[in-house]
Amino acid sequence: KQEVTQIPAALSVPEGENLVLNCSFTDSAIYNLQWFRQDPGKGLTSLLLIQSSQREQTSGRLNASLDKSSGRSTLYIAASQPGDSATYLCAEVSGGSYIPTFGRGTSLIVHP
Amino acid sequence: GAVVSQHPSRVICKSGTSVKIECRSLDFQATTMFWYRQFPKQSLMLMATSNEGSKATYEQGVEKDKFLINHASLTLSTLTVTSAHPEDSSFYICSARHPTSGSYEQYFGPGTRLTVT
């Protein structure tokens, strides 16, 4: 069974800091990896999707990288803002089932 | 595009009753939908894969007679929690796989908060 681990579990930073959220996975046959944002009591908002053939994806202040050989992905958030406060989940999609396996998430608080 | 809705967003029911949750893909047809369950401060746990026109595939440990899934059309899947108990209280999220997405990307609904009293 695939496992996805996210570190740290929680993070509290002052506004303006650059952040790195980590995601590690055990699947050697990864198809893609996706980062989501979840606000309290809400559903998931897709942030970035990286195909297994890609190394990174960027959207605005967000940059996600993928290293299949080490089984790791990182989400980089530049110049954090209070509005970035949320839980960030990564999900790895296996090439066999095409069903995502989620990590437990990193709870981020950016205070003014 | 690629919007998924869920109804209701919140529901409170008494123990022993049944509750139906709807998941709709609003602007695309989804042959495959997924149902997840999320406990507080926990990740999403896949409950079942719902395929249009066929029986759902349940994950290990999920009672198929308790969590009834019906995917009668290409835009609608329903999850019925039968004889609900307080331990069924949770956040239920559905997702739909876009048929033309070569990346097998899933689009998620906003979730349904179920509270069983």
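Residues numbered from 1 in each chain as written. Chains lettered and ligands numbered in written order. Predicted model: local features only at pLDDT ≥ 70, side-chain atom pairs only at ≥ 80, totals over all residues. Heavy atoms only, no water.

A look at the sheet that holds strand 1 (residues 4–7) of chain B
Residue and element names in this part refer to chain B. The sheet built from 4 strands is open, its strands ordered 1-3-8-7 with antiparallel pairing. Each edge of the open sheet carries a strand with a single partner, namely strand 1 and strand 7 (67–73). Across this sheet, the average inter-strand angle for adjacent strands is 15°, counted without regard to direction. Pairing geometry for strand 1 and strand 3 (residues 19–25), over 4 bridges, is antiparallel. Along strand 3, the bridge assignment pairs serine 5 with arginine 24. (Pairing = 2+ DSSP bridges. Helix = DSSP H or I, 4+ residues; strand = E, 2+ residues; numbered from the N terminus. Axes fitted to C-alpha atoms, helices over the stretch in contact; angles between N-to-C directions.)

A few points about the interface of chain A and chain B
Contacts between chain A and chain B engage 20 residues on the former and 20 residues on the latter. Both sides together, the interface formed by chain A and chain B hides about 1,500 Å², and carbon and sulfur atoms give 55% of it. Put simply, chain A and chain B have 5 residue pairs in polar contact (both at pLDDT 80 or more) between them. Every element with two or more residues in the side of chain A that touches chain B is listed here: strand 4 (30–38), strand 5 (44–51) and strand 10 (100–102) of chain A. (Contact = heavy atoms within 4.5 Å. Buried area = accessible area lost by both parts, 1.4 Å probe. Polar contact = N/O pair within 3.5 Å; in protein donor to acceptor, adjacent residues only side chain to side chain.)

As for the pairing of strand 9 (residues 90–97) of chain B
Residue and element names in this part refer to chain B. With respect to burial, strand 9 is a largely interior element, 8 of its 8 residues being buried. What you see with strand 9 is no split at all: Ser90, Tyr92, Cys94 and Ala96 on one side and Phe91, Ile93, Ser95 and Arg97 on the other are buried throughout. Examined bridge by bridge, strand 4 (residues 32–38) and strand 9 share 6 bridges and lie antiparallel to one another. Its bridge partner lying in strand 9, tryptophan 35 is registered against cysteine 94. (Buried < 20%, exposed > 50% of the residue type's maximum accessible area, 1.4 Å probe, protein only.)

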